[in-house]
Amino acid sequence: MDQIATNDIKRRIARDNPWWVDGNIEIPEASLPKRVYFHSFKRLALDTAVKRAAVLLGPRRVGKTVMIKQLVADALSHGYHAHNILYASIDAPVYSGMSLEQFIDFMPSAEGGPRIVIFDEIQYLKDWEVHLKDLVDNYVGVKFVATGSAAAALRLKSNESGAGRFSDFMLPPLTFYEFLTFLKKDEELIRVADSNGRSTYSTTNIVALNDLFLDYLNYGGYPEAVLNSSIRDNQDQFIGNDIIDKVLLKDLPNLYGIQDTQQLNRLFSFLAYNAGKEASLENISQTSGINKPTIKKYIEYLESAFLIIKVGTVDDNCNIGLRERNFKIYLNNPSMRSALFSPVAPEDSESIGYLSECAVFSQWQHSSAFRRLRYARWKGGEVDVVLLGGAKDKPVWIGEIKWSDKPIKNFGEQTKSIKHFAKKHPHIKDCFLTTKTVSGTRLIDELRVKVSPTALYCYTVGRNVTKINEFLQRQIAHADDSIDDEEIDDDEDDEELSEVR
């Protein structure tokens with residue numbers, strides 16, 4: 001068979017980079033709403049003072065390519081010469097067998113100013129991390145940007161082979177805050193007040209906010225689904241086939257050599273249906289018929305592909321233990337459950353309760369706090385969320401997630417676990433409790449409990465966490481090349497993270 005002709009490659013690259021011919025061309029993605037993460041990513045991606053490639057990670061269909069095209073449009077509007085920007089989607093068949101360096105050879109003659117080279121879906125190139133590092137080391141005045149959906153392979157390889165040459169930027173599914181802004185409902189339903197330099201949020205209509213939160217749980221994590229009603233009407237096709245199936249049947253098998261894709265699909269369906277419930281390798285194995293080593297391996301793969309979130313447990317003494325027998329699995333994006341099974345209705349209180357927990361953890365994904373979140377479980381009690389902090393992993397704050405106003409009506413009985421845990425850790429100064437409609441503040445002895453509707457809490461976290469993320473991204477982007485991202489001290493942002501809630 002003949003090799004792909006150079007002229008065919010040139011035609012495809014020219015089609016992907018129309019600004020080479022007309023630097024004033026209108027890029028369609030530029031008119032779409034921007035993710036709230038756009039500006040912090042832009043700073044990272046266009047920072048030529050730091051000799052690092054910016055790697056944009058995230059699940060399928062959360063807007064990575066759109067963000068990249070918006071980045072191109074923004075760069076052009078701010079004076080970058082059109083010939084100095086290259087975009088290439090590595091998964092295009094015409095690029096099969098090409099090295100990353102060959103793409104640069106197809107760029108027009110360099111003009112004055114910095115150059116940007118963007119590799120979309122870079123994980124489709126074998127040993128991409130070695131080649132990208134080599135480009136960063138050897139090309140002066142070129143900023144390299146890459147995107148990828150298979151996060152585990154990307155993160156693992158960037159940490160092991162990047163040697164301080166990559167800065168990862170995780171783009172999660174839409175937060176509830178972004179969902180409302182995309183629909184232009186935030187100003188109508190949310191009031192903002194400033195107190196001692198801190199923004200607080202309340203709602204003008206909790207019923208309407210809850211209705212939209214239910215929509216968010218059913219289809220709200222993907223920008224396309226929010227902006228396009230036909231996609232919402234066919235979300236089983238969009239989410240089920242175009243997103244989940246491609247990951248389970250293509251991405252993960254190709255990356256990890258999985259042969260039994262039906263077994264992987266069966267396990268994911270089981271985990272999705274039981275999202276938010278406590279589990280163990282033992283009980284999953286007994287129910288699914290899959291052996292424990294395989295389940296453990298598949299859970300790691302599903303986490304890597306941003307399909308699920310695994311949250312570990314601590315006891316009431318906040319001990320993690322050498323072996324975490326029990327854990328909870330949440331969906332990275334709650335709307336995957338409705339695509340797999342059926343949308344939740346207002347009367348499905350139990351299902352909404354579990355999906356609300358998924359939504360809360362999903363809001364935290366772009367925060368450094370995310371990897372320090374646990375739940376507490378001991379004989380006779382449980383606390384839904386515990387943030388560990390400091391050198392000794394002590395609890396910073398705790399919280400309970402409910403889709404009900406019952407805890408307020410029977411506050412003492414419903415908050416026994418919070419009281420028990422807080423007494424064991426008197427340095428905890430406050431906690432949160434979410435409800436369906438009730439807001440306010442309650443006291444358990446001297447412990448202040450902030451009460452907020454779950455929908456409003458998700459909005460608050462989704463909005464505030466972007467502020468923390470911008471701080472951390474600046475910190476990481478300007479860290480010394482000899483320092484790994486993971487070495488940046490978690491303690492530095494504990495106080496700010498306490499304000500996110």
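This one's a predicted model, so the numbers in the text were calculated from it and none came from an experiment.

1. Examining the pairing of strand β15 (residues 440–444)
Of the pairings in the sheet, the one linking β15 to strand β16 (residues 447–453) comprises five bridges and is antiparallel in character. By the bridge assignment, Gly-440 is partnered in β16 with Val-451. The loop that links β15 with its antiparallel partner β16 comprises two residues; one of these, Asp-445, has a positive phi angle of about 55 degrees.

2. Quick look at the sheet that holds β16
Read from one edge to the other, the open sheet built from nine strands follows the order β8-β10-β9-β11-β12-β13-β14-β16-β15, with strand pairing classed as mixed. Pairing within the sheet leaves two strands with one partner each, and these edge strands are β8 (278–280) and β15. The mean inter-strand angle of the sheet, taken between neighbouring strand axes irrespective of direction, is 35 degrees. Direction of pairing for β8 relative to strand β10 (residues 326–331): antiparallel, over a ladder of three bridges. Directly across from Ser-280, in β10, lies its bridge partner Asn-326. Here helix α14 (residues 281–288) sits on the sheet in contact with β8 and β10, set at roughly 85 degrees to β8. The strands touched by helix α17 (residues 349–363) are β9 (308–314), β10, β11 (373–378) and β12 (381–389); relative to β10, the strand with the most contacts, the crossing angle is about 85 degrees.

3. Comments concerning the sheet that holds strand β5 (residues 166–170)
Read from one edge to the other, the open sheet built from five strands follows the order β2-β3-β4-β1-β5, with strand pairing classed as parallel. Two strands in the sheet have a free side with no partner beyond their single neighbour: β2 (85–89) and β5. The sheet shows a mean angle of 15 degrees between the axes of neighbouring strands, direction not considered. Alignment of strand β1 (residues 53–57) against β5, held across five bridges, turns out to be parallel. Paired with Ala-53 across the bridge in β5 is Phe-166. Along the sheet face, helix α3 (residues 64–77) touches β1, β2, β3 (115–120) and β4 (142–148) and points at about 165 degrees away from the line of β2.

4. Focus on the nonpolar core
Counting residues in hydrophobic clusters, the biggest one holds 137 residues, and the most contacted among them are Phe-41, Phe-119, Leu-132, Phe-144 and Phe-176. Considering each element in turn, this core owes the most residues, eight residues, to helix α9 (residues 206–219). One finds Val-386, Ile-408, Cys-431 and Val-449 within the second-largest nonpolar core, a separate group that totals 20 residues.

5. Things to note about the confidence of the model for the protein
Chain-level pLDDT for the protein is 87 on average; 89% of the residues reach the 70-or-more range. The model gives residues 475–497 a pLDDT under 50, and that stretch makes 42 contacts with residues more than four places away or in other chains.

6. Describing the packing of helix α13 (residues 261–273) against α14
One can describe the packing of α13 onto α14 by two numbers: an axis separation of 11 Å at closest approach and a directional angle of 115 degrees. In the crossing of α13 with α14, the sense of the turn from one axis to the other is right-handed. Note on element contacts: α14 touches α13 through Ile-284, Thr-287 and Ser-288, opposite Arg-266, Leu-267, Phe-270 and Leu-271. Here the contact of α13 with α14 is built from residues that sort into four nonpolar, two polar and one charged.

7. Points about the pairing of strand β14 (residues 430–435)
Of all six residues in β14, six are buried, a share of seventy percent or more. In terms of strand pairing, strand β13 (residues 394–400) meets β14 through three bridges, oriented parallel. Residue pairing across strands places Ile-398 opposite Cys-431, the latter belonging to β14. Strand direction decides the pairing type here: β14 and β16, joined by six bridges, are parallel. When the sheet's bridge partners are listed, Asp-430 is paired in β16 with Arg-448.

8. Focus on the side chain of His-425
Structurally, the position occupied by His-425 is in the loop between α20 (416–424) and β14. Residue His-425 is classed as buried on the basis of its relative accessible area of 6%. A polar atom in the side chain of His-425 sits 2.8 Å from the backbone oxygen of Asp-316. Beyond its immediate chain neighbours, meaning those up to four positions away, His-425 contacts Asp-316, Asn-317, Cys-318 and Pro-395.

9. Structural notes on unusual backbone geometry
Positioned with a positive phi, Asp-127 is a non-glycine residue whose angle comes to about 55 degrees. Looking at the element boundaries, Asp-127 is found in the loop between β3 and α5 (128–138). Unlike most non-glycine residues, Asp-445 shows phi in positive territory, near 55 degrees. Along the chain, Asp-445 turns up in the loop between β15 and β16.

The rules behind these values
Residues numbered from 1 in each chain as written. Predicted model: local features only at pLDDT ≥ 70, side-chain atom pairs only at ≥ 80, totals over all residues. Heavy atoms only, no water. Pairing = 2+ DSSP bridges. Helix = DSSP H or I, 4+ residues; strand = E, 2+ residues; numbered from the N terminus. Axes fitted to C-alpha atoms, helices over the stretch in contact; angles between N-to-C directions. Contact = heavy atoms within 4.5 Å. Core = buried A, V, L, I, M, F, W, Y, C linked by side-chain atoms within 4.5 Å. Buried < 20%, exposed > 50% of the residue type's maximum accessible area, 1.4 Å probe, protein only. pLDDT = per-residue confidence, 0-100. Left-handed = near helix turned anticlockwise from the far one by under 90°. Nonpolar A, V, L, I, M, F, W, Y, C, P; charged D, E, K, R; others polar. Polar contact = N/O pair within 3.5 Å; in protein donor to acceptor, adjacent residues only side chain to side chain.

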